[in-house]
Amino acid sequence: MQFDVITLFPAFFETALQVGLIGKAVEAGLLRFRVHDLRQFGIGPHRQVDDVAYGGGAGMVLRPEPLVAAIEQARTEARSRVVVLSPQGRLWTQALARQYARECDQIVLVCGRYEGIDERVTTYWADDEVSIGDYVLMGGEVAAWVVIESVARLVPGVVGNPESLALESFETGLLDYPQYTRPAVFRGYAVPAVLRSGHHESIERWRRLQALRKTLRNRPDLILAARWAPPPVWWAWMAEWVGWVERALEKMYPSPRSQEAEDAPDHRPD
């Protein structure tokens with residue numbers, strides 16, 4: 001997979017491309033990166049890349065000439081996609097990340113700045129316009145890195161254990177379940193005893209329940225259809241049912257702060 005980034009601040013990506021799984025994947029040849037300095041495509045002796053907006057208004061707008069020149073130089077693969085990072089774009093999701101990883105050999109990311117970029121670039125030279133959330137950043141560099149990480153980790157070989165990709169938040173339509181590690185008891189708070197029981201069926205049941213509970217609490221929009229506003233009456237019933245199931249499991253396994261939980265054997269393998 002090849003990533004090309006068009007930006008006014010290429011130094012933003014210098015360190016990020018050398019560390020963690022991304023850096024290892026680059027060394028292994030699984031990922032390729034090219035960062036294009038938009039200023040090098042600027043107009044005139046001062047390398048101008050922006051200008052005032054037609055119709056007036058505060059701030060400057062990135063001109064089309066430098067952007068299109070950079071895009072045309074960067075785009076080299078048949079299965080490529082040019083993506084403009086913009087608050088006006090469609091919301092970036094895990095489903096989109098999977099689609100890009102499956103369908104693209106090259107992704108060209110155009111980082112906006114100032115008041116944005118000339119709309120003709122987005123309309124006629126870009127294949128997609130995406131936003132990473134309902135907030136405004138000072139530029140598209142952070143958003144570009146979000147897209148890079150979320151797609152790159154889906155490229156075969158980048159993440160060591162492929163099974164971990166299928167069990168994470170959003171892959172099943174729910175958030176991920178809570179994770180714990182050693183020590184078994186920390187300042188009086190114990191790891192839920194069910195996780196130390198060695199009973200795999202009970203552990204799986206507990207994890208499904210906790211994933212549903214966390215999704216209901218933090219991201220109900222992942223479960224509710226968009227047409228349901230406000231939430232239906234049965235929403236409260238479902239939340240109550242989750243609480244009932246959780247209390248039933250508490251009877252089967254000691255409370256995390258009880259002495260029984262602290263004395264429970266740890267079945268986690270070394």
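Predicted model, so just to flag it, every value in this text is computed and none were measured. (Residues numbered from 1 in each chain as written. Predicted model: local features only at pLDDT ≥ 70, side-chain atom pairs only at ≥ 80, totals over all residues. Heavy atoms only, no water.)

A. Quick look at the overall build of the protein chain. Of regular secondary structure, the protein chain possesses nine helices and nine strands. Within the protein chain, the fraction of its 270 residues that count as buried is 41%. In the protein chain, of all internal contacts separated by at least 6 residues, the share reaching a separation of at least 24 is 74%. Summed over all atoms, the accessible surface of the protein chain reaches about 15,900 Å², with 55% contributed by carbon and sulfur. (Helix = DSSP H or I, 4+ residues; strand = E, 2+ residues; numbered from the N terminus. Buried < 20%, exposed > 50% of the residue type's maximum accessible area, 1.4 Å probe, protein only. Contact = heavy atoms within 4.5 Å. Areas by Shrake-Rupley, 256 points an atom, 1.4 Å probe, with all protein chains shown as cover.)

B. Summary view of the pattern of salt bridges. In this structure the tally under the stated criterion is twelve salt bridges. R113 is the partner of E141 in a salt bridge, and the nearest nitrogen-oxygen pair spans 2.8 Å. Here E141 is found in helix α5 (residues 141–152), whereas its partner R113 is found in the loop between β6 (106–111) and α4 (119–124), with 28 residues between them in sequence. As far as burial versus exposure is concerned, E141 and R113 are alike and both buried. Between D118 and R120 there is a salt bridge, and its shortest N-O distance comes to 2.7 Å. Here the salt bridges do not stand alone but share partners, grouping D51, R63 and E65 into one network. (Salt bridge = Lys/Arg side-chain N within 4 Å of Asp/Glu carboxyl O.)

C. Expanded view of the pairing of strand β1 (residues 2–7). Most of β1 is tucked away, with six of its six residues classed as buried. Side chains Q2, D4 and I6 project from β1 onto one buried face, and the interleaved F3, V5 and T7 project onto a second face that is buried too. Relative to strand β2 (residues 32–37), β1 runs parallel, the two being bridged by six bridges. Note on β2: the bridge partner recorded for D4 is R34. After leaving β1, the chain enters helix α1 (residues 20–27) and then returns to the sheet as β2, a path that is right-handed. In the sheet, β1 pairs with β6 via five bridges, with the strands oriented parallel. Residue V5 lies in a different strand from β6, and its bridge partner there is L109. (Pairing = 2+ DSSP bridges. Right-handed = clockwise from strand over helix to strand, strands pointing away.)

D. Expanded view of the side chain of D50. Within the element layout of this structure, D50 appears in strand β3 (residues 50–52). No salt bridge forms around the buried D50; measuring N to O, its nearest opposite-charge neighbour R39 is 5.4 Å away. For D50, the residues in contact, after removing those within four places along its chain, are M60, V61, L62, R63 and Y114. (Lys, Arg positive; Asp, Glu negative; His and termini not counted.)

E. Quick look at the pairing of β6. By the criterion of burial, β6 is predominantly enclosed, with six of the six residues buried. Neither face of β6 is left uncovered, since the one carrying Q106, V108 and V110 and the one carrying I107, L109 and C111 both have all their residues buried. One ladder, built from six bridges, connects strand β5 (residues 80–91) with β6; its direction is parallel. Within β6, the position partnered with R81 by the bridge is I107. Taken together, β5, helix α3 (residues 94–103) and β6 form a β-α-β motif whose crossover is right-handed.

F. Region of interest: the sheet that holds β1. Spatial ordering of the open sheet is given by β2-β1-β6-β5-β7, a layout of five strands whose pairing is parallel. Each of the sheet's edge strands pairs with one partner strand only, and the pair in question is β2 and β7 (128–131). Strand-to-strand twist across the sheet, computed as the mean angle between neighbouring axes with direction ignored, equals 30 degrees. Direction of pairing for β5 relative to β7: parallel, over a ladder of five bridges. Each residue of the ladder has a partner; that of V84, found in β7, is E129. Across the face of the sheet, α5 comes into contact with β1, β2, β5, β6 and β7 while running at roughly 160 degrees to β6. (Axes fitted to C-alpha atoms, helices over the stretch in contact; angles between N-to-C directions.)

G. The environment of G42, seen in detail. Within the secondary structure layout, G42 lies in the loop between β2 and β3. Given a relative accessible area of 14%, G42 falls into the buried group. Along the chain, G42 and R63 lie 21 residues apart, while their C-alpha atoms are 9.0 Å from each other. Residues contacting G42, with those up to four places away along its chain left out, are R47, Q48, V49 and P66.

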